[in-house]
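Working through the structure, step by step
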Amino acid sequence: MAKKSPPSGSAPARTDSGPADPASETTDHAAGIKKAQVQELAAAMPHNPLKAGEHGFDNGLEPLTGPHVAAASGVAGASTVSEINGTDKTGSVGVEGLNAAIESLDRVRVDASGRGLTTNFGAFIADNQNSLKFGTRGPVLLEDFILREKVTHFDHERIPERIVHARGSGAHGFFECTEPLTRYTRAAPFQQAGKVTPVFVRFSTVAGERGSKDTARDVRGFAVKFYTDQGNWDLVGNNMPVFFIQDAMKFPDLVHAVKPEPHHGMPQAASAHDTFWDFVSLMPESTHMLMWVMSDRAIPRSFRTMQGFAVHTFRLVNDAGDSVFCKFHWQPHAGTHSLVWDEAVKISGADPDFHRRDLWEAIESGAYPQWDLQVQVFTEEEADRFSFDILDATKIVPEELVPLQTVGRLVLNRNPDNFFAETEQVAFCTANVVPGIDFSNDPLLAGRIHSYHDTQLSRLGGPNFHEIPINAPIVQVHNNQRDGIHRQAIHRGAVAYEPNSLAGGCPFQAGAGHGFMTVPARLRARDEAAKVRAKPELFADHYTQARLFYESQSAPEQAHIAAAFAFELSKVTVPAVRERMVASLRNASDDLARQVADQIGIGQLPAPLPRAMEQPRKPEVTRSPALSLLFRPGNGSVAARKVALFVGPGVAWNAGCAAVRERLVEQGAVVRCVASRIGPVRTADGETLDADASFANEPGYLFDALVLPDGCESAASDARALDSVRDVYRHCKSIFAWGTGAKVLARAGIANTGEDAGLIVATTADAARLIDRFIGVLGAPRDFGRETDPPRV
Ligand code: HEM
């Protein structure tokens, strides 16, 4: 009898061919059902309906949603029908439409409480003290996989540091929309008042290496990653609204000039050296930024007291596709406060982690740092009439010209669990935008859009760094990118291309309705007609806004700028470079150039540098009070401000001291009792109190203010106490002394003229009454009235 040939559908699990007639597919087996469902999907898409719309300018403005068909069941998209055989390791079948790799950080947070030690592959380790040896004195054996795993992992613990902004500190928090911006943008965070978007923020210095000091004179990075429900949006800004250069082509030159000089590797985290000043004095477009960097903005008191700026002009795009230009500003609730140079230098020795510690401690103590997000919105037509080019990153849009509107607030309320996993591995990029936000043609921004992802490929070791938990968005990610080193996601199914019909067209092109759309250029200038390597003409105005900045500062701020230029140039070894810089400053302010020249021994002012533009346009404003640090004193809160309370044997604790301390703590200030040594101190009342800081481990310049209570004069027999008092005084911080505490002031050579608001000297009886005055000055900007150059004390 002839052998009966099997029906064509009898081998549904085959991987090398299929029946001519789909109806002959056997569906009494899971693999057959899968094949039938895939056939249905493919048949539902007889052609690619997007094709006709892919051509022509107008179609480019309205891309269609890609065709997609729902599968009859999840089996159609499965890689394998055996996925129903789950284990503790494989888990269950893939849930329809889910990307389970994208979840909160809980997914990867590790808690070892109550757990035994294991290898990286999960085997318990019996002995973590000894390597495996042949006898107790014998050679260590190659077989010791536990030793080799541990040491090998250790050997590879470090990754390359960021090429710039290597030193940073981060925190989690949220952005809350307070004023919806739907009129201008469809970006998710701005859609309703009250809408909360999680964020991770990293503050940084620019020039120093990862282990460098926090209080270097430098720009501070202010990078915010918004985990929006339309994907990640990174607002990667600085604490200054302008930049040194106008074109990304010059960024490597700038960074090479400011980093330690390549022959001897010095100086660390400092711009005060030859190559930096050589470069910037040949790049007059940097003058405006130099004013900011030589101002006290470059030595902030805290990350909590810095403004933030996105620098470039961006675009907001609404649902109708209409766009306006936008500048983003962060305004600290605590106000803008800075250090002074002598203080910054000393702090860098005593506490190189000064800003990192301040941020961490403020969050741990519940004094959550907050900022308002403000925007300046203007149209292309308005921008065209400005006296400067809004594509030029060395220019601001003065607040007096375009007012600021508050749209929300940022709150940092959670420290990271692990510095490396979060703060070090976080990868910001200006290219990370969401629908509703778009770029302007700023040529510096264009370079940044490329540069961040590019550098992260090597810093974070390959193309899948977006899957590192801190970088992953909270929304699902679906595309056809595959593989690469350290891939985490396990994609189901056979389809990794588009268009497809075998996965029902998924993931499908989102189209104009949902997808990110680039705003087509609206206004066409004459010089946009052909390819060219050149700058727009207004970029040549290098000095008008540098002058605006300098002239908008208060007298002490101007003096600090002059002193900073003089200090930095005094560290330059080549007189011609100093002279060139002074010649450049003459174009911004003769007064400033004169002061700098005087301080560095240049008797005769050099002729001003030739200017790229002789007749700049008339500026809209010649003074902008908002550019002074004093313009934003903050809400007066003393939360997380540090106060040193001097104690020594015989301190009159119960005569005002305890009450002052209690009141300060009630207001959120951090009060440390400082003595010659930490430990017990006998008070005048016969009690014992605990000094929790010493003049050696917490010198005076680490504090925001000093309290000298009655009976503390015994502390002044320690010369370090007097150094602390002089530093607090010299740095123009407030001092509250009463009773015999005032004698310490006298011993430090400080006279009470009665005209210094920051120096409150009282009788013991008056101390309790004057505490609120002290709290007032503590929460306010410093009064530089007592400052002299050179310092008297
Ligand atoms: C307005 C000008 C600029 C601002 C405000 C700015 C801001 C920042 C900030 C805040 C960071 C640190 C991000 C973090 O915390 O991880 C950073 C890093 C970096 N920036 Fe910029 N930057 C500017 C210009 C540029 C330019 C023009 C380039 C290159 C063409 C560039 C390349 C980089 C690179 C490569 C990193 C390191 C990124 C990483 O390793 O993760 N930046 N920048």
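Structural notes, computed from the coordinates. (Residues numbered from 1 in each chain as written. Predicted model: local features only at pLDDT ≥ 70, side-chain atom pairs only at ≥ 80, totals over all residues. Heavy atoms only, no water.)

Things to note about the overall build of the chain
Across its full length, the chain holds 20 helices and 18 strands. For the chain, the spread of C-alpha atoms along the principal axes amounts to about 120 × 80 × 55 Å. Put simply, the chain has 793 residues, and 48% of those count as buried. Once local pairs closer than 6 in sequence are excluded, the contacts in the chain between residues at least 24 apart make up 74%. Computed over 80 positive and 95 negative side-chain charges, the inter-centroid distance for the chain is 2 Å. (Helix = DSSP H or I, 4+ residues; strand = E, 2+ residues; numbered from the N terminus. Buried < 20%, exposed > 50% of the residue type's maximum accessible area, 1.4 Å probe, protein only. Contact = heavy atoms within 4.5 Å. Lys, Arg positive; Asp, Glu negative; His and termini not counted. Charge placed at Lys NZ, Arg CZ, Asp CG, Glu CD.)

Re the environment of Met517
With respect to the helices and strands, Met517 occurs in the loop between helix H12 (511-514) and helix H13 (544-551). Distance from Met517 to Gly739, taken between C-alpha atoms, is 69 Å for residues 222 residues apart in sequence. With residues up to four places along the chain from it excluded, the contact list for Met517 reads Gly60, Leu61, Pro63, Arg186, Asp438 and Ala512.

Some details on helix H5 (residues 274-281)
Burial of H5 is extensive: 6 of the 8 residues sit out of reach of the surface. Among the residues of H5, Asp274, Phe276, Trp277, Phe279, Val280 and Ser281 are the ones counted as buried. Against helix H4 (251-258), helix H6 (287-294), helix H14 (555-570) and helix H15 (575-588) lie the buried residues of H5.

As for the site of the ligand
Lining the immediate surroundings of the ligand are 24 residues, of which Arg162, Arg202, Arg448, Tyr452 and Arg459 lie closest. Tyr452 is positioned such that a nitrogen or oxygen atom in its side chain is 2.7 Å from a nitrogen atom of the ligand. Here the shell around the ligand takes 8 residues from helix H11 (residues 443-459), the largest share from any one element. For the shell around the ligand, the per-class residue count stands at 11 nonpolar, 9 polar and 4 charged. (Near = heavy atom within 4 Å. Polar contact = N/O pair within 3.5 Å; in protein donor to acceptor, adjacent residues only side chain to side chain. Nonpolar A, V, L, I, M, F, W, Y, C, P; charged D, E, K, R; others polar.)

Examining a nonpolar patch on the surface
There is a patch of nonpolar side chains on the surface, built from Val140, Leu147 and Val151 and spanning about 210 Å² of accessible area. Mapped onto the secondary structure, Val140 falls in the loop between helix H2 (57-61) and helix H3 (145-155). For Val140, a relative accessible area of 45% gives the class partly exposed. (Patch = residues over 30% accessible without salt bridge, like charges linked within 9 Å, V, L, I, M, F, W, Y side chains within 5 Å. Areas by Shrake-Rupley, 256 points an atom, 1.4 Å probe, with all protein chains shown as cover. Salt bridge = Lys/Arg side-chain N within 4 Å of Asp/Glu carboxyl O.)

Side note on the pairing of strand E12 (residues 670-675)
Pairing analysis gives 5 bridges linking strand E11 (residues 642-646) to E12, with the strands arranged parallel. The residue of E12 that forms the bridge with Val643 is Val671. At this point the chain moves from E11, through helix H17 (residues 653-666), to the parallel E12, and the crossover so formed is right-handed. Examined bridge by bridge, E12 and strand E15 (residues 693-694) share 2 bridges and lie parallel to one another. (Pairing = 2+ DSSP bridges. Right-handed = clockwise from strand over helix to strand, strands pointing away.)

Re the coordination of the iron atom of the ligand
For the iron atom of the ligand, the protein contributes exactly one donor atom, Tyr452 (OH), at 2.0 Å. Tracing the sequence through the fold places Tyr452 in helix H11. (Donors = N, O, S within 2.8 Å, 3.2 Å for Na, K, Ca; no water.)

What about the pattern of salt bridges?
Using the criterion set out here, one finds 41 salt bridges in the structure. Salt bridges sharing common partners tie together Arg167, Asp214, Asp351, Asp353 and Arg357.

Here's the deal with the packing of aromatic side chains
Applying the stated criterion across every chain, the model contains 27 aromatic pairs. Judged by centre distance (6.3 Å) and plane angle (80°), the ring pair of Phe175 and Trp330 falls under edge-to-face. Of this pair, Phe175 sits in strand E1 (residues 168-177) while Trp330 sits in strand E7 (residues 323-332), and the two are 155 residues apart along the sequence. Side by side, Phe175 and Trp330 carry an identical accessibility label, which is buried. Among the aromatic residues, those joined into a cluster by ring pairs are Phe175, Phe190, Phe203, Phe222, Phe226, Trp233, Phe303, Phe314, Phe328, Trp330 and Trp371. Sitting over the face of the ring of Phe428, Lys225 holds its NZ or CZ atom 5.1 Å from the ring centroid. Between Lys642 and the ring centre of Phe703, over which it is positioned, the NZ or CZ distance is 5.1 Å. (Phe/Tyr/Trp six-rings, centres within 6.5 Å; stacked < 30°, edge-to-face > 60°. Lys NZ or Arg CZ within 6 Å of the ring centre and 35° of its normal.)

Observations concerning helix H8 (residues 354-364)
Of all the positions in H8, only Phe354, His355, Asp358, Leu359, Ala362 and Ile363 are classed as buried. Projection of H8 onto a plane perpendicular to its axis shows the buried side chains occupying an angular sector of 155°, all on one side. On its buried face, H8 sits against E1, strand E2 (196-205), strand E3 (220-228), helix H7 (341-350) and strand E9 (405-414). (Arc of directions from axis to C-beta.)

Re unusual backbone geometry
Cis geometry marks the peptide bond from Met266 to Pro267; its omega dihedral reads -10°. Looking at the element boundaries, Pro267 is found in the loop between H4 and H5. Following Cys506, the chain continues to Pro507 via a peptide bond in cis, the omega torsion being -10°. In this structure, Pro507 sits in the loop between H11 and H12. The backbone of Asp483 sits at a positive phi, close to 65°, despite the residue not being glycine. The residue Asp483 is located in the loop between H11 and H12 in this model. Despite not being glycine, His486 has its phi angle at roughly 60°, a positive value. Relative to the elements of secondary structure, His486 occurs in the loop between H11 and H12.

Things to note about empty space enclosed by the protein
Overall, the coordinates contain 8 cavities of 30 Å³ or more when judged by the stated rule. One number sums up the size of the largest cavity: a volume of about 180 Å³. Lining of the largest cavity is provided by 20 residues; of these, Pro241, Phe309, His329, Ile396 and Val397 occupy positions nearest its centre. Per element, the largest residue contribution to the lining of the largest cavity is 3 residues, and it comes from E7. A breakdown of the residues in the lining of the largest cavity according to their chemical character gives 11 nonpolar, 5 polar and 4 charged. Approximately 80 Å³ is the volume found for the second largest cavity. Forming the walls of the second largest cavity are Ser387, Phe388, Lys395, Pro398, Asp541, Thr544, Gln545, Leu548, Pro619, Glu620 and Val621. Tallied by class, residues from the lining of the second largest cavity come to 5 nonpolar, 3 polar and 3 charged. (1 Å grid on protein atoms, 1.4 Å probe; cavity = no way out; pocket = protein on both sides within 12 Å on 5 of 7 lines; lining within 4 Å. Points joined across faces, edges and corners; volume = space filled by probe spheres on them.)

Geometric descriptors of this kind do not, in isolation, establish any biological role.
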